[in-house]
Amino acid sequence: MTDDRISHYLCIGCPLGCRLEVEEDARDTIVEVRGWSCKKGERYGRQEHTDPRRMVTTTVGIEGAALARLPVKTSQPVPKGQVTEVCRLLRTLKVSAPVRMGDVVLADIAGSGADVVATRDLS
Amino acid sequence: MITGQATQLKGRYDVVVAGGGPAGLAAALGAREQGAQRILVVDREREAGGILWQCIHAGFGLHHFKEELTGPEYAQRYLEQVLEKEIDVLTDTFVADIDRDRRLKLMTGREGIRVIEANAVVLAMGARERTRGAVRIPGTRPAGVMTAGFAQKVVNLHGYLPGRRAVILGSGDIGLIMARRLTLEGIEVAGVFEIMPHANGLSRNIVQCLHDFDIPLYLSHTVAEIHGRERVEKVTVAPVDAQMRPIPGKAWDIDCDTLLLSIGLIPENELSRQLGVRLDPVTNGPIVSSGMETTMDGVFAGGNVVHIHDLVDFVSQESLLAGRNAGLYVTGNRPPTDNIRLSPGENVAYCVPHTISSERPHTIYLRVRRPMEKCSIRFGTVLEKKLSYVFPAEMVTLTVQPKFLENFHGDALSVDVVAR
Ligand code: SF4
């Protein structure tokens, strides 16, 4: 077992921040994920090693509300490389009040398959 | 908008909660759960929910709701529960004073000054950010120097960007979160500077807020000087020596128009001080019993006003307990007084609560003074718990069951974190 077959990650699944080790065999197949304290960490290790994804939270403009910005999130994690693009696309989006928590403000952003949903009521 | 306005302010309440952030909302629910009748939450902002509305990132609620929520979702869910339980929420109102007879002087947006009486009070005023004055950075006093939380508020609620190129001093969680937030809004973050040799925020935030965006973190470094007449033009940064003084020969300048400070929170205890409850000089918050009662009869406290928490879930949990005990107090069911004092010993900065009872299980929160690996927490000789590491930035939580105290007859327990 040589060290270059082991990759290190820090699980971001919860504030505990377990230190993970992902071990691959000679054909780049994951043989083991170690260091997690719960199953979510094992899944995260595999995912992070093969296809890292992040939830995106940002704001969009809102008209006719007491505040200028409405907080939103993606309905599911998007590929890490798309995070910046998602935020850039949302920067100019404007919705109208009232909005309810959970409302979809934009479907399938940047072809990621994730919807953008409001994270609060705002009127 | 789900702002709750008390329809008609009553003259007397069972429980009045000062502060409508996550601590105050949980406390009100706890008081209701234990049968308190008339409950009022007072908040100075336009809507209750506190800092959560501007914490638009995810990471809240894993303990309490068993799912990962954003700050606004967490606030809204709590607020909905509070309003469902017919708890009065009075916003745009400032608690100006509380006296020993638990009379509260309120300055309300609508009705001017009102005095109300409470059978029990819960202090839930939270905390505020430390500012430039707390760390005395030399240099000019231009615009563009602000706390990370203030920047968060203007960006996330009002849609203003604080500048074009920022430096962040301090690696607290709010600073890390803002490093990512500013980057995603198109502001360049030149780096995060931390005077301590270790980061102050959660490791997950170092990864997902800094590493993900290649933002450098400089440990054992600080901002040595601020330059600029009207607006910040640049800052001088430098590594620090063992006494945490900048080493001039190794300093360099960074062009920027914004300096964010993420250098810690201070419990907001002006009201507590006026009222005369005793404060712990280490936490800067009230000394509390296991029922979160302060040194003053019928006055309870929970959340960041007592000590600074890392996670809102713990704020809610502790304040729920404060509220429950306020409820027990007003219904005449207050549990027997604590009989054991906890005293922070080796590598323990503080413990909350300050006293416990040998008859009930307790959750104890503590903070260590310095990092340590492979160590144990010792409660006198009655209990020892192994930990793989401890870190000043991470609060240690542990539960003490009454069975461990069965054969303990003393009145004080020393709490120590020692190497194994
Ligand atoms: S492995 Fe589980 S416990 Fe550890 S950080 Fe990930 S989610 Fe949290």
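Here the structure is a predicted model, which is why all the values come from computation and not from measurement.

What counts and how
Residues numbered from 1 in each chain as written. Chains lettered and ligands numbered in written order. Predicted model: local features only at pLDDT ≥ 70, side-chain atom pairs only at ≥ 80, totals over all residues. Heavy atoms only, no water. Helix = DSSP H or I, 4+ residues; strand = E, 2+ residues; numbered from the N terminus. Rg over C-alpha atoms; globule rule 2.2 N^0.38 Å. Buried < 20%, exposed > 50% of the residue type's maximum accessible area, 1.4 Å probe, protein only. Areas by Shrake-Rupley, 256 points an atom, 1.4 Å probe, with all protein chains shown as cover. Lys, Arg positive; Asp, Glu negative; His and termini not counted. Charge placed at Lys NZ, Arg CZ, Asp CG, Glu CD. Contact = heavy atoms within 4.5 Å. Buried area = accessible area lost by both parts, 1.4 Å probe. Salt bridge = Lys/Arg side-chain N within 4 Å of Asp/Glu carboxyl O. Polar contact = N/O pair within 3.5 Å; in protein donor to acceptor, adjacent residues only side chain to side chain. Near = heavy atom within 4 Å. Nonpolar A, V, L, I, M, F, W, Y, C, P; charged D, E, K, R; others polar. Pairing = 2+ DSSP bridges. Axes fitted to C-alpha atoms, helices over the stretch in contact; angles between N-to-C directions. Arc of directions from axis to C-beta. Left-handed = near helix turned anticlockwise from the far one by under 90°. Core = buried A, V, L, I, M, F, W, Y, C linked by side-chain atoms within 4.5 Å. Domains from an automatic or database assignment. 1 Å grid on protein atoms, 1.4 Å probe; cavity = no way out; pocket = protein on both sides within 12 Å on 5 of 7 lines; lining within 4 Å. Points joined across faces, edges and corners; volume = space filled by probe spheres on them.

Participant: Would you explain the overall build of chain B in this entry?
Facilitator: Secondary structure summary: chain B contains 8 helices and 27 strands in total. Taken against the 2.2 N^0.38 rule, which gives 22 Å for 420 residues, the C-alpha radius of gyration of chain B at 22 Å falls within 12% of a compact globule. In terms of overall dimensions, chain B has C-alpha extents of about 65 × 60 × 40 Å along its principal axes. Scored against the burial criterion, the 420 residues of chain B give a buried share of 57%. If you sum the accessible surface of chain B, you get close to 17400 Å²; carbon and sulfur atoms cover 49% of it. Each charge class in chain B can be summarised by its mean position, and for the 46 positive and 49 negative side chains these summaries are 3 Å apart.

Participant: Please explain the interface of chain B and chain A as it appears in this structure.
Facilitator: For interface size, the figure often reported is the accessible area lost on association. Each partner contributes residues to the interface: chain B has 34 residues there, and chain A has 30 residues. Here chain B and chain A share an interface that buries about 2800 Å² over both sides, 56% of which is from carbon and sulfur atoms. Counting across the chain B and chain A interface gives 5 salt bridges. The partner of E73(B) in a salt bridge is K73(A), and the shortest N-O contact between them spans 2.9 Å. Across the chain B-chain A interface, the total number found is 12 residue pairs in polar contact (both at pLDDT 80 or more). Listing elements by their share of the side of chain B that touches chain A, those giving two or more residues are α2 (71-84), α4 (148-158), α5 (173-184) and α6 (203-210) of chain B. For the side of chain B that touches chain A, the element with the most residues is α2(B), which contributes 5 residues.

Participant: Please explain unusual backbone geometry as it appears in this structure.
Facilitator: What is expected of a backbone is that most residues other than glycine have negative phi and most peptide bonds are trans. In this structure, the amide linkage connecting A97(A) to the following residue, P98(A), adopts the cis form with an omega of 0°. With respect to the helices and strands, the residue P98(A) is situated in the loop between β8 (94-96) and β9 (104-106). Cis geometry marks the peptide bond from V352(B) to P353(B); its omega dihedral reads 0°. Along the chain, P353(B) falls in the loop between β21 (350-352) and β22 (355-356). Here the phi dihedral of R102(B) falls at roughly 60°; this positive angle occurs in a residue that is not glycine. Inspection of the secondary structure assignment puts R102(B) in the loop between β6 (93-98) and β7 (103-108). Overall, the relative accessible area of 15% leaves R102(B) in the buried class.

Participant: Help me understand the site of the ligand in this model?
Facilitator: Every residue near the ligand is listed here: C11(A), G13(A), C14(A), L16(A), G17(A), C18(A), W36(A), S37(A), C38(A) and G41(A). Across the shell around the ligand, the residue classes tally to 6 nonpolar, 4 polar and no charged.

Participant: Quick question: what am I supposed to make of the sheet that holds strand β6 (residues 69-74) of chain A here?
Facilitator: Hydrogen bonds between backbone groups are what pair the strands of a sheet, and the pairing can be parallel or antiparallel. Residue and element names in this part refer to chain A. Strands sit in the order β8-β5-β6-β10-β9 across an open sheet of 5 strands; the sheet is mixed. Every other strand in the sheet has two partners, leaving β8 and β9 as the edge strands with one partner each. Shown here is a sheet whose adjacent strand axes are inclined to one another by a mean of 45°, direction ignored. Helix α2 (residues 83-91) rests against β5 (57-63), β6, β9 and β10 (116-118) of the sheet, and its axis sits at about 10° to β5.

Participant: Looking at this model, I keep getting lost on α2(A). Mind explaining?
Facilitator: Owing to its 3.6 residues per turn, the α-helix brings residues three or four apart onto one side. Those residues of α2(A) that fall on the buried side of the exposure criterion are V83(A), V86(A), C87(A) and L90(A). Buried residues along α2(A) cover an arc of 95° about the axis, so they all sit on one side.

Participant: Is there a simple way to think about the packing of helix α1 (residues 22-33) of chain B against helix α8 (residues 312-330) of chain B in this case?
Facilitator: For any two helices packed against each other, one specifies the crossing angle of their axes together with the interaxial distance. All names here are of chain B. Running from N to C, α1 and α8 point in directions that differ by 35°, and their axes come no closer than 6 Å. Two packed elements cross with a definite hand, and for α1 against α8 that hand is right-handed. Here α1 contributes P22, A23, A26, A27, L29, G30, A31 and E33 to the contact with α8, which in turn contributes V312, V315, S316, S319, L320, G323, R324 and G327. Residue composition of the contact of α1 with α8, grouped by class: 9 nonpolar, 5 polar and 2 charged.

Participant: Would you explain the nonpolar core in this entry?
Facilitator: One broad rule of soluble globular proteins: the nonpolar side chains tend to lie buried together. Core analysis: the biggest nonpolar cluster contains 113 residues, and L70(A), V15(B) and L104(B) have the highest contact counts within it. Those residues in contact with L70(A), other than ones at most four positions away along the chain, are T58(A), T59(A), V60(A), I62(A), V95(A), V99(A), V105(A), A118(A), R120(A) and L122(A).

Participant: Looking at this structure, I do not really get the domain arrangement of chain B. What am I missing?
Facilitator: All names here are of chain B. When cut into domains, chain B gives domain 1 (4-128 + 266-331), domain 2 (131-261) and domain 3 (340-419). When each unit is reduced to the centre of its C-alpha atoms, the spacing between domain 1 and domain 3 is 27 Å. Counting from both sides, the interface comprises 17 residues of domain 1 and, opposite them, 17 residues of domain 3. When the buried surface of domain 1 facing domain 3 is broken down by residue, S290, H307 and D310 rank first, second and third, together holding 37% of it. Put simply, domain 1 and domain 3 have 1 salt bridge between them. As a salt-bridge pair, R367 and D310 come within 2.8 Å of each other at their nearest N and O atoms. Looking at the side of domain 1 that touches domain 3, its residues break down into 8 nonpolar, 6 polar and 3 charged.

Participant: How do you make sense of empty space enclosed by the protein when you look at a structure like this?
Facilitator: Where empty space is left in the structure can be found by rolling a water-sized probe over the atoms. Taken as a whole, this structure holds 1 cavity of 30 Å³ or more when the rule is applied. One number sums up the size of the largest cavity: a volume of about 50 Å³. Looking at the largest cavity, the residues that line it are T57(A), I56(B), H57(B), I177(B), R180(B), R181(B) and L184(B). Broken down by element, the residue count for the lining of the largest cavity peaks at 4 residues, all from α5(B).

Participant: What's the story with the domain arrangement of chain A in this structure? I'm lost.
Facilitator: Each assigned domain of chain A is listed with its residue range as follows: domain 1 (5-50) and domain 2 (57-118). Averaged C-alpha coordinates put domain 1 of chain A and domain 2 of chain A at centres separated by 30 Å.

Participant: Can you walk me through the side chain of D313(B) in this structure?
Facilitator: All names here are of chain B. If you trace the backbone, D313 turns up in helix α8. No salt bridge is formed by the buried D313; the nearest opposite charge belongs to K66, separated by 7.4 Å. A polar contact of 2.9 Å, which involves the side chain of D313, links it to the backbone nitrogen of H64. The contact partners of D313, leaving out residues within four places of it in the chain, are F60, G61, L62, H63, H64 and Y74.

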